Structure formats: C-alpha cells, structure tokens
Amino acid sequence: MGQIILISEKQLAKQFLITERQVRTLFKDFKYAPGEYIYRKCVKEYIKQIKSKNGDHNLEDQKLKKAKRETQEFNLKILKDKYYPDDVVRGALSDMLIKFKSQLLSTSRKITIEIEQDENPDIKKIVEKHILKSLEELEKYDPPSNKGDR
C-alpha cells in the first residue's frame, strides 16, 4: 500500500482516452517527475472529474425541469384568470380609457347645463358631484376575462 506506482503522461492519455495536454492540465498536482504521474491519485482525480461532470449534467436537467414546471404553472394561472396576456391588457386599458374620456367629455356638458339651469349655483359642488360620478363609473369598470367571456 505504501508503494508508489508511476505512470507516464503518454500511458495516462491512452488509458483515459484523452490528450497528453489534458493529462498535464488535469493531473498537474500529481506530477512526480517530468512526464511521470502518481497513478492512484490520477485515477481518483479522473473519477472525481467524471462524477462532477455528471453532477453538472444533472444540475442542468434539474434547472430545465424547474423552468418547464414554472412555465406550466404560469400557463395554468393564465387559464385560471390570474394573469392576462399583453394584448388583453392593452385592449382593456384602451377600452377603459376611451370610456372614461367620453364620460369626462360629457361631464363638462352636464355641468354647464346644470349651472345654467340653477339661479344661484354652487359651482364647486356641481363640479365635484359630476367628477365623483365619473370616477365611480370608472371604479365599476369590469375588465375582460381570460376565460373567453369578453
């Protein structure tokens, strides 16, 4: 057990099916003399390298599986009406803003008519009443759903 077995760079390369340059890189810590390496330590190191590469491969598989699972969960949330695609959000916002704009434009006419009809108008209260009414209608806005009942 205390006996050191030496192996040449060329023999290591043949045994592990790698280049001599790779031997020099992988086993530089186990060099005994120029072109000679401690065989047992090189074998252990080579096995450790192979295991770590497989570990990296398994890690990548785990990351891929996690990404797929997260994508499936996100798609499920979309189907359950928790998230909206961009085009639906843009459409809903446009629809809401158009309705609100038309509500505000009609509000100015309503305010004008109410002020003209009253002999002693409280302009502040009239404007406040109509603006609050417009905001309440905006609050009641019901956006479209992902479920297809748009």
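See above for the structure.
Here the structure is a predicted model, which is why all the values come from computation and not from measurement.

Here is what the cut-offs are and how they apply
Residues numbered from 1 in each chain as written. Predicted model: local features only at pLDDT ≥ 70, side-chain atom pairs only at ≥ 80, totals over all residues. Heavy atoms only, no water. Patch = residues over 30% accessible without salt bridge, like charges linked within 9 Å, V, L, I, M, F, W, Y side chains within 5 Å. Areas by Shrake-Rupley, 256 points an atom, 1.4 Å probe, with all protein chains shown as cover. Salt bridge = Lys/Arg side-chain N within 4 Å of Asp/Glu carboxyl O. Helix = DSSP H or I, 4+ residues; strand = E, 2+ residues; numbered from the N terminus. Buried < 20%, exposed > 50% of the residue type's maximum accessible area, 1.4 Å probe, protein only. Pairing = 2+ DSSP bridges. Axes fitted to C-alpha atoms, helices over the stretch in contact; angles between N-to-C directions. Phe/Tyr/Trp six-rings, centres within 6.5 Å; stacked < 30°, edge-to-face > 60°. Core = buried A, V, L, I, M, F, W, Y, C linked by side-chain atoms within 4.5 Å. Contact = heavy atoms within 4.5 Å. Arc of directions from axis to C-beta.

A. The arrangement of a nonpolar patch on the surface in detail. Taken together, the side chains of L104, I123, V127, I131, L132 and L135 make up a nonpolar region of the molecular surface, amounting to roughly 450 Å² of accessible area. Here I131 is to be found in helix α5 (residues 123-139). A residue is classified by how much of its surface remains accessible, and I131, at 34% relative accessible area, is partly exposed.

B. Representation of the sheet that holds strand β3 (residues 36-38). An order of β1-β3-β2 is seen for the three strands of this open sheet, with the pairing classed as antiparallel. At either margin of the open sheet sits one strand with a lone partner, and together these are β1 (6-8) and β2 (31-33). Each neighbouring strand pair of the sheet contributes to a mean axis angle of 45°, computed without reference to strand direction. Where β2 lies against β3, two bridges are found, and the strand directions are antiparallel. If you follow K31 over to β3, its bridge partner there is Y37.

C. Up close: the packing of aromatic side chains. Counted under the stated rule, the structure contains two aromatic pairs. Taking the centre distance of 5.8 Å and the plane angle of 45° together, the rings of F16 and F27 count as tilted. With F16 in helix α1 (residues 9-16) and F27 in the loop between α2 (20-26) and β2, this pair connects stretches of sequence that are 11 residues apart. On the basis of relative accessible area, F27 is assigned to the buried category, the value being 0%. Three or more aromatic residues joined by ring pairs form one cluster here, namely F16, F27 and Y46.

D. Focus on the nonpolar core. By size, the foremost hydrophobic cluster in this structure holds 11 residues: I7, L12, A13, F16, I18, V23, F27, F30, Y37, C42 and Y46. If one sorts the elements of this core by residue count, α1 sits on top with three residues. The residues contacting Y37, other than those within four sequence positions of it, are I5, L6, I7, E9, L12, V23, R24, F27, F30, K31, Y32 and C42.

E. Here's a closer look at the side chain of S134. Its place among the elements puts S134 in helix α5. What S134 contacts, discounting residues up to four positions off in sequence, is F100, Q103, L104 and T107.

F. Structural view of α1. Of the positions making up α1, those classed as buried are E9, L12, A13 and F16. One side of α1 carries all its buried residues, which in axial view fall inside an arc of 100°. Opposite its buried face, α1 presents the exposed residues K10 and K14, each directed more than 90 degrees away. Positive phi shows up at L17, right after α1, with a value of about 55°.

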